[in-house]
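Residue-level listing of the chains:
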Amino acid sequence: MNYVPPSPTGNVDAFGFDNSYARLPQQFFARVDPTPVAEPWLIKLNRPLADELGLDVAALEREGAEIFSGNRVPSGADPLAMAYAGHQFGTFVPQLGDGRAILLGEVIDRNGKRRDIQLKGPGQTPFSRRGDGRAALGPVLREYIVSEAMFALGIPTTRALAAVVTGQPVYREQILPGAIVTRVAASHMRVGTFQFFAARGDMASVKVLADYAIDRHYPDIKDDARPYLAFYKAVVARQAELIARWLHVGFIHGVMNTDNMTISGETIDFGPCAFMDSYDPRKVFSSIDQGGRYAYASQPAIGQWNLARLAETLVPLFDDDAGTAVDLANDALGEYGAIFQRHWLDGMRRKIGLATSEDGDLDLVQALLTAMHKGEADFTLTFRRLCDSARDPSADATLNTSFSMPEAIEPWLHDWRQRLAREGIASEERATAMKAVNPAYIPRNHRIEQAIVAATEDADFSLFEALVDVTARPFDDQPGFAAYQAPPEPQEEVQRTFCGT
Ligand code: AMP
Ligand code: MG
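Predicted model, so just to flag it, every value in this text is computed and none were measured. (Residues numbered from 1 in each chain as written. Chains lettered and ligands numbered in written order. Predicted model: local features only at pLDDT ≥ 70, side-chain atom pairs only at ≥ 80, totals over all residues. Heavy atoms only, no water.)

Draft legend 1. How the structure looks around the overall build of the chain. Within the chain one finds 16 helices and 12 strands. Relative to the 2.2 N^0.38 estimate, which gives 23 Å for 501 residues, the radius of gyration of the chain is 23 Å and therefore close to what a compact globule would have. Principal-axis analysis of the C-alpha atoms places the extent of the chain at approximately 70 × 65 × 40 Å. Counting only residues that meet the buried cut, the chain has 58% of its 501 residues in that class. The long-range fraction of contacts in the chain, counting pairs at least 24 apart against all pairs at least 6 apart in sequence, stands at 72%. About 19,800 Å² of surface is accessible on the chain, with carbon and sulfur atoms providing 51% of the total. Distance between charge centroids for the chain: 1 Å, based on 49 positive and 66 negative side chains. (Helix = DSSP H or I, 4+ residues; strand = E, 2+ residues; numbered from the N terminus. Rg over C-alpha atoms; globule rule 2.2 N^0.38 Å. Buried < 20%, exposed > 50% of the residue type's maximum accessible area, 1.4 Å probe, protein only. Contact = heavy atoms within 4.5 Å. Areas by Shrake-Rupley, 256 points an atom, 1.4 Å probe, with all protein chains shown as cover. Lys, Arg positive; Asp, Glu negative; His and termini not counted. Charge placed at Lys NZ, Arg CZ, Asp CG, Glu CD.)

Draft legend 2. Quick look at the coordination of the magnesium ion (ligand 2). Protein coordination of the magnesium ion (ligand 2) is provided by Asn 260 (OD1) and Asp 269 (OD), with donor distances spanning 1.9 to 2.2 Å. The pair formed by Asn 260 and Asp 269 is uniform in burial state, with each residue classed as buried. (Donors = N, O, S within 2.8 Å, 3.2 Å for Na, K, Ca; no water.)

Draft legend 3. Expanded view of the domain arrangement of the chain. By domain assignment, the chain separates into domain 1 (21-188) and domain 2 (192-204 + 216-345). Of note, the centres of domain 1 and domain 2, computed from C-alpha atoms alone, are 23 Å apart. Each partner contributes residues to the interface: domain 1 has 36 residues there, and domain 2 has 36 residues. Where domain 1 abuts domain 2, roughly 3,000 Å² becomes buried across the two surfaces, and 61% of that area is made up of carbon and sulfur atoms. Ranking the residues of domain 1 by area buried against domain 2 places His 87, Phe 89 and Pro 156 at the top, with a combined share of 22%. At the junction of domain 1 and domain 2, the tally comes to 3 salt bridges. (Domains from an automatic or database assignment. Buried area = accessible area lost by both parts, 1.4 Å probe. Salt bridge = Lys/Arg side-chain N within 4 Å of Asp/Glu carboxyl O.)

Draft legend 4. Expanded view of the site of ligand 1. Neighbouring ligand 1 are 18 residues; Gly 97, Gly 99, Arg 100, Asp 132 and Gly 133 lie closest to it. A distance of 3.1 Å is found between an oxygen atom of ligand 1 and a side-chain nitrogen or oxygen belonging to Arg 129. With respect to ligand 1, the side chain of Asn 260 contributes an N or O atom lying 3.1 Å from an oxygen atom. Look at ligand 1: alone it shows 480 Å² of surface, and the protein chains cover 89% of it. When grouped by side-chain class, the residues that make up the shell around ligand 1 number 2 nonpolar, 8 polar and 8 charged. The residues that make up the shell around ligand 1 include at least three from each of domain 1 (21-188) and domain 2 (192-204 + 216-345). (Near = heavy atom within 4 Å. Polar contact = N/O pair within 3.5 Å; in protein donor to acceptor, adjacent residues only side chain to side chain. Nonpolar A, V, L, I, M, F, W, Y, C, P; charged D, E, K, R; others polar.)

Draft legend 5. Broad picture of the pattern of salt bridges. A complete count under the given rule lists 38 salt bridges for this structure. Notably, a salt bridge pairs Glu 143 with Lys 120, separated by 2.8 Å at the nearest N-O pair. Taken together, the residues span a long stretch of sequence, with Glu 143 in helix α3 (residues 137-152) and Lys 120 in strand β7 (residues 114-120) at a distance of 23 residues. Each member of the pair Glu 143 and Lys 120 is classed as buried. In this structure, the salt-bridge partner of Asp 269 is Lys 120, at a minimum N-O distance of 3.4 Å. Of this pair, Asp 269 sits in the loop between β11 (251-252) and β12 (274-275) while Lys 120 sits in strand β7; the two residues are 149 residues apart in sequence, bridging distant segments of the chain. One exposure class covers both Asp 269 and Lys 120, and it is buried. Sharing partners across several salt bridges, the network here consists of Asp 346, Arg 349, Glu 358, Asp 361, Arg 419, Arg 422, Glu 423 and Arg 430.

Draft legend 6. Region of interest: the side chain of Thr 262. Relative to the helices and strands, Thr 262 is located in the loop between β11 and β12. Overall, the relative accessible area of 0% leaves Thr 262 in the buried class. A distance of 3.1 Å separates the side chain of Thr 262 from the backbone nitrogen of Gly 265, its partner in a polar contact. Excluding residues within four positions of it along the chain, Thr 262 makes contact with Met 189, Arg 190, Gln 239 and Ile 268.

Draft legend 7. Quick peek at the environment of Ile 352. Tracing the backbone through its elements, the reader meets Ile 352 in the loop between α9 (336-351) and α10 (361-374). Judged by its relative accessible area of 0%, Ile 352 falls in the buried class. Here the alpha-carbon distance between Ile 352 and Val 365, two residues 13 residues apart in the chain, equals 7.9 Å. Apart from residues no more than four positions distant in its own chain, Ile 352 is found in contact with Leu 364, Val 365, Leu 368, Phe 383, Leu 386, Trp 412, Trp 416, Leu 420 and Met 434.

Draft legend 8. Focus on the packing of helix α4 (residues 191-198) against helix α5 (residues 203-217). Two numbers describe how α4 lies on α5: the axes approach to 8 Å, and their chain directions differ by 155°. Here α4 is positioned roughly antiparallel relative to α5, judged by the angle of their axes. Of the residues in α5, those touching α4 at Thr 193, Phe 194, Phe 197 and Ala 198 are Ser 205, Val 206, Leu 209, Ala 210 and Ala 213. Here the residues of the contact of α4 with α5 are counted per class, giving 7 nonpolar, 2 polar and no charged. (Axes fitted to C-alpha atoms, helices over the stretch in contact; angles between N-to-C directions. Parallel < 35°, antiparallel > 145°, perpendicular 65-115°, else oblique.)

Draft legend 9. Expanded view of the packing of helix α11 (residues 379-391) against helix α13 (residues 410-421). The interhelical angle for the contact between α11 and α13, taken along N-to-C directions, is 55°, at an axis separation of 12 Å. By the angle class used here, α11 and α13 are oblique. Remark: the crossing between α11 and α13 carries right-handed chirality. Taken together, the residues of α13 that come into contact with α11 (itself represented by Leu 386, Ser 389 and Ala 390) are Trp 412, Leu 413, Trp 416 and Arg 417. For the contact of α11 with α13, a count of residues per class yields 5 nonpolar, 1 polar and 1 charged. (Left-handed = near helix turned anticlockwise from the far one by under 90°.)

Draft legend 10. How the structure looks around the confidence of the model for the chain. Summing up the model confidence of the chain, the mean pLDDT is 96 and the portion of residues at 70 or higher is 97%. In this model, residues 4-8 is a region of pLDDT below 50 whose contacts with residues beyond four sequence positions or in other chains number 8 contacts. (pLDDT = per-residue confidence, 0-100.)

Draft legend 11. A look at the pairing of strand β6 (residues 101-108). Counting buried positions along β6 yields 7 of 8 residues, so the element is predominantly enclosed. Adjacent in sequence and paired antiparallel, β6 and β7 are bridged by 5 residues, among which Gly 112 carries a positive phi angle near 80°. (Pairing = 2+ DSSP bridges.)

Draft legend 12. Region of the structure containing the nonpolar core. The biggest cluster of nonpolar side chains holds 129 residues, and the ones touching the most others in it are Tyr 21 and Phe 231. Sort the elements by how many residues they give to this core and helix α6 (residues 227-248) lands first, with 14 residues. Counting only domains with at least three residues in this core, you end up with domain 1 (21-188) and domain 2 (192-204 + 216-345). For Phe 231, the contacting residues outside a window of four places in its chain are Phe 194, Ala 210, Ala 213, Ile 214, Tyr 218, Ile 221, Ile 263 and Leu 314. Core analysis: the second largest hydrophobic core is formed by 25 residues, Phe 68, Ala 77, Ile 117 and Val 164 among them. (Core = buried A, V, L, I, M, F, W, Y, C linked by side-chain atoms within 4.5 Å.)

What follows is the structure, given as C-alpha cells:
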C-alpha cells in the first residue's frame with residue numbers, strides 16, 4: 001500500500017457521504033477500490049462546484065490530487081462499480097457495467113440535492129472485461145470542457161469536479177498520459193441499468209430500481225395511481241426536452257447507446273461528442289459511428305428508440321394485464337414526439353427572437369435551417385449574428401458573410417422581419433432576449449483538439465484553462481476572446497472524434 005500522509009487540516013476527507021445506492025441489494029453493484037497511481041497531479045479543481053457540494057475547497061486545492069486520483073479514499077466513501085447492460089449501436093450487450101468508473105458515494109449538496117461523486121479512469125473493476133479501467137488525458141479534458149460548457153448553456157448534464165493526471169501511461173493506439181475525471185451526477189442510473197435486470201428476468205430487481213429511481217428523481221409521482229407508468233412518462237418527457245435542447249446548441253452526443261442515457265434526464269458520457277460548426281443535419285463526428293446512427297438530426301428518433309427499450313423493461317409493472325400494460329406503454333412512448341416537437345419549436349422560436357407563436361413559425365424556422373444548410377452557415381455564429389440583425393438591419397451585412405452565397409438569406413430575412421413586426425417588441429429588448437439563448441461561445445471541436453494536443457504533447461494546460469473560462473460564460477460578449485467565436489479554418493477542422501476507450 002502507498003503511504004499517504006495525513007491531511008494537515010483533516011478537512012479534505014470531509015465529504016459527508018450518504019451512500020444510498022450502496023444500500024441497495026448486492027446484485028446492483030460490485031464493491032471495488034480505486035487502484036492507486038504513481039504520481040497524481042491536480043490539473044483542475046472545479047471550485048464553484050466543490051463549494052456547491054459543501055466540500056473544503058482550499059483543502060482540496062492543496063491535496064485533491066490524492067483524493068481525485070483514487071490514491072486516498074475519503075472517509076465515508078463506499079466505492080463501487082455499478083452493474084448495467086445496454087444496446088450499443090443497436091446490439092444488446094447484457095453486461096457492461098462500470099468498467100472504468102468507480103462511484104465513491106453520494107453527498108447532499110448545499111441545495112439539498114443528492115449528487116453522485118464518481119471517478120472515471122480509476123483502474124479495473126469486475127466489469128472491466130479486457131479493458132484497463134483507465135482513461136487517457138484527451139478524453140478526460142474533453143469531458144471536463146464539454147460537460148461544464150453544457151452546464152453553462154443551461155442544459156441538464158453531469159458535471160466535472162476535478163481532473164488529474166496519474167503519472168502513468170495508458171496504452172491505446174499510442175502511449176498516452178493517463179488521467180482521471182471526477183464526475184458529479186444527479187445519479188448514474190441509465191436505461192441500461194434497468195435492462196441489466198430485465199434481461200436476467202429479475203423483475204424484483206427492476207421494481208427495486210424503479211422504486212429507488214422514483215424516490216430519488218421523481219418523488220412527486222410516488223402516490224400516483226400507476227406510479228411506474230408515471231415514472232416512465234416522466235423519463236420520456238425529460239429525455240424529449242433534453243434532446244431538443246441539444247439540437248438548439250448544435251450538440252451531437254455521438255454515442256447514444258442505452259447505457260449512455262440517464263434516468264435523471266442529464267446528458268452523460270462525453271466520448272466522441274462535439275458541437276457542429278457549419279449546419280448539416282447529417283453531421284457525425286464519432287469515428288465509430290460509420291452508419292450515422294447518431295447523426296445530429298437522428299438524435300430525437302434515437303432517443304425514442306432508447307426509451308422504447310426502457311419501456312420493455314418496465315411494462316410488466318404497468319398493469320397486471322399484459323395487453324393493457326403494452327397499450328399503456330405505447331401510449332406513453334407515443335407522447336414523446338409531441339413533447340420533443342413542442343420543446344424544440346419553443347426553443348427555435350426563442351432563437352429567432354419570437355415571443356409569441358403563430359402557425360407559420362415552423363415553416364419560418366425550417367426555411368432558415370434549409371438556407372443555413374445550403375449556405376454552409378456556421379450554426380452558432382449565424383444565430384448569434386441574427387441577434388445583431390434583430391437590433392439593427394445594418395448588421396445583416398455581417399450575417400450574410402456566414403453564408404457561402406450571401407444573397408441566399410435575403411428572402412428569409414424579409415419574411416422574418418415581417419413576422420417580427422407583428423409582435424410589437426422593441427428591437428433592443430428582442431436582441432437582448434436572443435443573446436440570452438444564442439451562445440457566442442461553445443467549445444468548438446478544433447479548440448478542444450488544440451487544448452488536448454498542447455496538454456498531451458507539452459503538458460501545457462493553458463489552452464484547456466482558457467477554453468473552460470470562455471465557455472463558462474457562453475452568452476456574454478467577451479472582448480478579447482473573439483477568436484473563440486470563430487469557426488475553424490479549413491486546416492483546423494476536425495472531422496472525427498474518438499471515444500478514447
Ligand atoms: P462507453 O463507450 O464509455 O459508454 O463505455 C462502454 C462500456 O465499456 C462501459 O461498460 C465501460 O465501462 C467500458 N469501458 C470503456 N473503456 C474501458 C476501459 N478502458 N477499461 C474498462 N472498461 C472500459
Ligand atoms: Mg458509457
